[in-house]
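# Examining the three-dimensional arrangement
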Amino acid sequence: MPKEILEYWPHLSAIGVGASVTLPGLGGDIHGQYINMSLDPIDWPMNGPFSSTLGIRSALNCGLSKVEEKFTEELLLKPLPDRKVLAHFHFESTAPRTQYYGRHHHLFPKAIAQLVQKFSIREMELSFTQGRWEYESWGGYDPISSSSAKPPGVELWAVFDVPVDQVDASWKNLTHSLSGLFCASINFLESSTTYSAPELAFHPASVNLRYGTLPREAVCTENLTPWLKLLPCRDKSGISSLLDRPSIYRGFYHSQRLRLRHVKIRADAPDSDTVLEQTLTVVLQPNGIRSKESHSSKRKLHPTWSMSSLFGRKIEGRCALAKSSNVYLQLERDLVAEMKRLKEKRKIFDISVLNEDLIENPAFEISIKPDLVLREVLSSQTESSSLTYEYSIGKSASPNTFDLSFTWKSPVAWSCRKPPLRASRFLMGSGNERGTIAISLRSMGPDEGLNVSDMDKERCVLPVNIFQVVPWYIKVYFHTLKVFIDEKPMSVLDAVEKIHISPSEDKVSPGVMEMVLKLPCGVKSATITLEFDKGFLHIDEYPPDANQGFDIPSAIITFPNIEASIYFDQEITLKDLPLLSSFQEKNPIRYYTEVLLVPLTTPDFSMPYNVITITCTVFALYFGSLLNVLRRRVSEEERLHNAKGKSGPLSRLIAKLRRSKEIQPQSTTTSSSLFSSKLILKIIMVAAIAICWQYLSG
């Protein structure tokens, strides 16, 4: 039997009698009349269309192309105002939920598919992050910052398609599976003290949702390697070949994310497709050579960079299994506006020098001309639109090498779009007994706030969702909640629209606070405070570095009515460009606060050592003296003493002058009385020590 029959048997298993199918890479037609689903492939007749490899290839070419698996790879590069470069890798694998794709997959990772089937996962997201996203410098009003900016450490949330009473068991099993799959300490999230069940202020809201974080989890290459193994080409070819470990981990920010969801891409499909998104967001400092030209302006020239200088590698062709392989270069709105102001300042009116696409301009130069230029569509005509240059790997450059370089020719200053309110969280108070948690929301400036007229400020309301999880040993008193708007105290009933509180339980569950604030659109600042007491832990519950402090996970601030989306002037289909299509999704702006470090009262961990050492010293003195007294022989000491006395010249002289018979009994008696008194004194001392020890230990 040819091997091709066994290779395409899973495809043929979805065919009924009289139906025709199409399989990838094969040509010709075949009808289901040649297939008997009750037969094994080795029992198929050899005189039909399956009698040769050519017959198989000519037979297996019809309608199963609709249920093919798909893989795409994309990379977005964006210069940042603080002389850094953002690199956002996006890999997407799609598998239809059909009978054929139940167990066997060609592109979709089998390990993830088994997790979906075993634990009935409806939606899941896992992230490993090192560093903190700088919202003021790198932006917070764009799709990347809202979806890929994550808190330090590990963040995991999942929605299960199981009964409510089975969600916790599925969550615990999932954490253990992911811990082994990604070589991390995710299994620590199985404890009920580390995860929560959001109901109000976390998206997506579901009864079967579980959320957990590990702020102190370290991220290293042993977490990235399993993540890369989920890709069809791994890091051997295509865009993923740029993921050089030293280049990635020397960045200021690094976040690898895995998102699993079910999407109904085709309207006629009975089931939704399983989509796996793998993103890696890195902020790097380019080491390019600066221009030799001198500028009188105080602003410095941004460093020149290229893909080879950022990652130490070039793209050597596309992944053979990828349906599309694209690289994007994105320019912020403010940068485009600065280009236009530079044109007016230098009075450059030649279109060849500065056109609408900014491919040729006096500020920067790109080495490769883009295949397509996408312009953002804005509702306001006064603002400048962001530009996105698209490069298709294999078309823009030679088929073997792709190395995009970005050279600055003039100093340019711009800023990224910031969220409407800057969120920060800090501790107030002193001592190891109690304190206060404060969350502050401040406007980013007059240009970054909401554009609302004076007449609409009174009736305009800006809802803000706050989600905060506090460990059980931080005993928060939620009745002490206070709200300050523009530095003025506000009634909680007037400022809070909804609130859901789940108090902590000692060694059972953490404290959860979900709140929806109603803030006026013209607000300058808003602050909420909560008082808490610091609990006491058992000595076995302290970590090895207990004196460093204990972490409170980041609070999540969401603006549900403000969407971080980008719409382009050209129609982008979901099949061709998944990354740009995700930019058009209506996702709310999400903001993560700092991780708080709370010092708790810690015992003196050196005390056990001190007790052990002093106890051993006392025992050594006690038993040493006792053994010395019990094993010492008095007669032997007297003999040695007499021997020493006789050996001296003075003793011999006295022995001659006096009679030795009279001196010897007298000396013996004196020596015996002397040693007897010493023995009695030692025994009394040992007994006294023993009595004191028994009294103190009792």
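Computed from a predicted model, the values in this text were never measured in an experiment.

What follows deals with the overall build of the chain. Secondary structure assignment for the chain yields 17 helices and 26 strands. Each of the 698 residues in the chain was classed as buried or not, and the buried ones make up 48%. At a minimum sequence separation of 6, the contacts of the chain that also span at least 24 residues come to 75%. In the structure as shown, the chain presents an accessible area of about 35100 Å², 54% of it carried by carbon and sulfur atoms.

Between helix α4 (residues 110-119) and helix α7 (residues 167-182), the shortest axis-to-axis distance is 11 Å and the interhelical angle comes to 170°. In terms of orientation, α4 lies roughly antiparallel with respect to α7. For the pair α4 and α7, contact is made by Ala111, Ile112, Leu115 and Phe119 and by Ser170, Asn173, Leu174, Ser177, Leu178 and Leu181, respectively. Here the contact of α4 with α7 is built from residues that sort into 7 nonpolar, 3 polar and no charged.

Taken in spatial order, the 3 strands of this open sheet run β9-β14-β11, and their pairing is antiparallel. What marks the edges here is a single partner per strand, and that holds for β9 (305-306) and β11 (364-366). Note that β11 and strand β14 (residues 405-408) share 3 bridges and pair antiparallel. Residue Ile366 lies in a different strand from β14, and its bridge partner there is Phe406.

This next bit is on helix α8 (residues 221-229). Among the residues making up α8, those that are buried are Asn223, Leu224, Pro226, Trp227 and Leu228. Next to the buried residues of α8 lie β2 (85-95), β3 (121-130), α7, α9 (245-249), β7 (253-263) and β8 (273-284).

Core analysis: the biggest nonpolar cluster contains 84 residues, and Phe89 and Tyr389 have the highest contact counts within it. Counting residues in hydrophobic clusters, the runner-up holds 75 residues, among them Val476, Cys521, Ile566 and Leu579.

Let us now look at the state of the cysteines. Summed over all chains, the structure comprises 2 disulfides. Through a disulfide, Cys460 is tied to Cys521; the S-S separation comes to 1.7 Å. Judged by the sign of its S-S torsion, about -55°, the bond between Cys460 and Cys521 is left-handed. One end of the pair, Cys460, is in the loop between β16 (434-443) and β17 (461-470); the other, Cys521, is in the loop between β21 (511-520) and β22 (525-534), with 61 residues separating them in the sequence. Its relative accessible area of 9% is what places Cys521 among the buried residues. What links to what in the chain: the bonded cysteines, counted in sequence order, pair as 1-2, 3-4.

Using the criterion set out here, one finds 24 salt bridges in the structure. Arg216 is paired through a salt bridge with Asp551; the nearest N and O atoms lie 2.8 Å apart. Here Asp551 lies in strand β23 (residues 550-552) and Arg216 lies in the loop between β6 (209-214) and α8, a separation of 335 residues in the sequence. A salt bridge links Arg261 to Glu277; its shortest N-O distance comes to 2.6 Å. Taken together, the residues span a long stretch of sequence, with Arg261 in strand β7 and Glu277 in strand β8 at a distance of 16 residues. A residue is classified by how much of its surface remains accessible, and Glu277, at 7% relative accessible area, is buried. Each of Glu123, Glu125, Lys150, Glu155, Arg257, Arg259, Arg261 and Glu277 takes part in one network of salt bridges that share partners.

What follows concerns the UniProt feature "transmembrane region" (unreviewed entry) in the chain. Per the UniProt entry, the sites bearing "transmembrane region" (unreviewed entry) are residues 609-630 and 679-696 in this numbering. Taken end to end, residues 609-630 is 100% helix and 0% strand, and its first and last C-alpha atoms sit 31 Å apart. The straight-line gap between the two end C-alpha atoms of residues 679-696 is 26 Å; of that span, 100% is helix and 0% is strand.

Right, let's talk about the sheet that holds strand β25 (residues 588-592) for a bit. Sheet architecture is open: 5 strands sit in the order β20-β21-β17-β24-β25, paired in antiparallel fashion. With partners counted over all chains shown, the strands left at the sheet margins are β20 (496-502) and β25, one partner each. Here the strands of the sheet are splayed against their neighbours by 15° on average, with no regard to which way each runs. Note: β17 against strand β24 (residues 556-563), 3 bridges, orientation antiparallel. Bridge pairing links Phe467 to Ile556 in β24.

Quick look at the confidence of the model for the chain now. Here the chain averages 80 in pLDDT, and 74% of its residues register 70 or above. A low-confidence stretch, residues 1-66 stays under pLDDT 50, and its non-local contacts, those more than four residues away or across chains, total 108 contacts. In the model, residues 348-354 has pLDDT below 50 throughout and makes 13 contacts with residues more than four positions away in sequence or in other chains.

Time to look at a nonpolar patch on the surface. On the surface, Phe619, Phe623 and Leu627 cluster together into a nonpolar patch covering about 280 Å² of accessible area. Within the secondary structure, Phe623 is located in helix α14 (residues 607-631). In this structure Phe623 comes out as partly exposed when scored by relative accessible area, which is 41%.

Here we come to the side chain of Thr213. Here Thr213 shows up in strand β6. The exposure class assigned to Thr213 is buried, which follows from its relative accessible area of 12%. Apart from residues lying up to four places away in sequence, Thr213 is in contact with Val154, Glu155, Leu189, Thr194 and Pro553.

Moving on: unusual backbone geometry. Non-glycine residue Cys183 carries a positive phi angle of around 55°. Even without a glycine there, the phi angle at Lys507 is positive, about 60°. Tracing the backbone shows Lys507 in the loop between β20 and β21.

A word on the environment of Ile248. Assignment of secondary structure puts Ile248 in helix α9. Spatially, the C-alpha atoms of Ile248 and Ala87 are 9.9 Å apart, while their sequence positions differ by 161 residues. In contact with Ile248, other than residues within four places in its own chain, are Leu243, His254, Leu280, Val282, Leu284 and Phe311.

A word on the packing of aromatic side chains. In the structure shown here, the tally under the stated rule is 26 aromatic pairs. Here Phe406 and Trp408 contribute two aromatic rings whose centre-to-centre distance is 5.0 Å and whose plane-to-plane angle is 65°, an arrangement assigned as edge-to-face. The buried category is assigned to Phe406, whose relative accessible area is 0%. Relative accessible area serves as the criterion here: at 3%, Trp408 is assigned to the buried category. Relative to Tyr473, the ring of Trp472 lies with its centre 5.7 Å away and its plane at 75°, an arrangement referred to as edge-to-face. You can call Trp472 buried: its relative accessible area is 9%. For Tyr473, a relative accessible area of 13% gives the class buried. In this structure an aromatic cluster arises from ring pairing among Phe71, Phe89, Phe91, Trp227 and Phe311. Above the ring of Tyr141, the side-chain terminus of Arg417 is found at 3.9 Å from the ring centroid.

What counts and how
Residues numbered from 1 in each chain as written. Predicted model: local features only at pLDDT ≥ 70, side-chain atom pairs only at ≥ 80, totals over all residues. Heavy atoms only, no water. Helix = DSSP H or I, 4+ residues; strand = E, 2+ residues; numbered from the N terminus. Buried < 20%, exposed > 50% of the residue type's maximum accessible area, 1.4 Å probe, protein only. Contact = heavy atoms within 4.5 Å. Areas by Shrake-Rupley, 256 points an atom, 1.4 Å probe, with all protein chains shown as cover. Axes fitted to C-alpha atoms, helices over the stretch in contact; angles between N-to-C directions. Parallel < 35°, antiparallel > 145°, perpendicular 65-115°, else oblique. Nonpolar A, V, L, I, M, F, W, Y, C, P; charged D, E, K, R; others polar. Pairing = 2+ DSSP bridges. Core = buried A, V, L, I, M, F, W, Y, C linked by side-chain atoms within 4.5 Å. Disulfide = S-S within 2.5 Å. Salt bridge = Lys/Arg side-chain N within 4 Å of Asp/Glu carboxyl O. UniProt positions renumbered as here; feature names shortened; annotations may be inferred. pLDDT = per-residue confidence, 0-100. Patch = residues over 30% accessible without salt bridge, like charges linked within 9 Å, V, L, I, M, F, W, Y side chains within 5 Å. Phe/Tyr/Trp six-rings, centres within 6.5 Å; stacked < 30°, edge-to-face > 60°. Lys NZ or Arg CZ within 6 Å of the ring centre and 35° of its normal.

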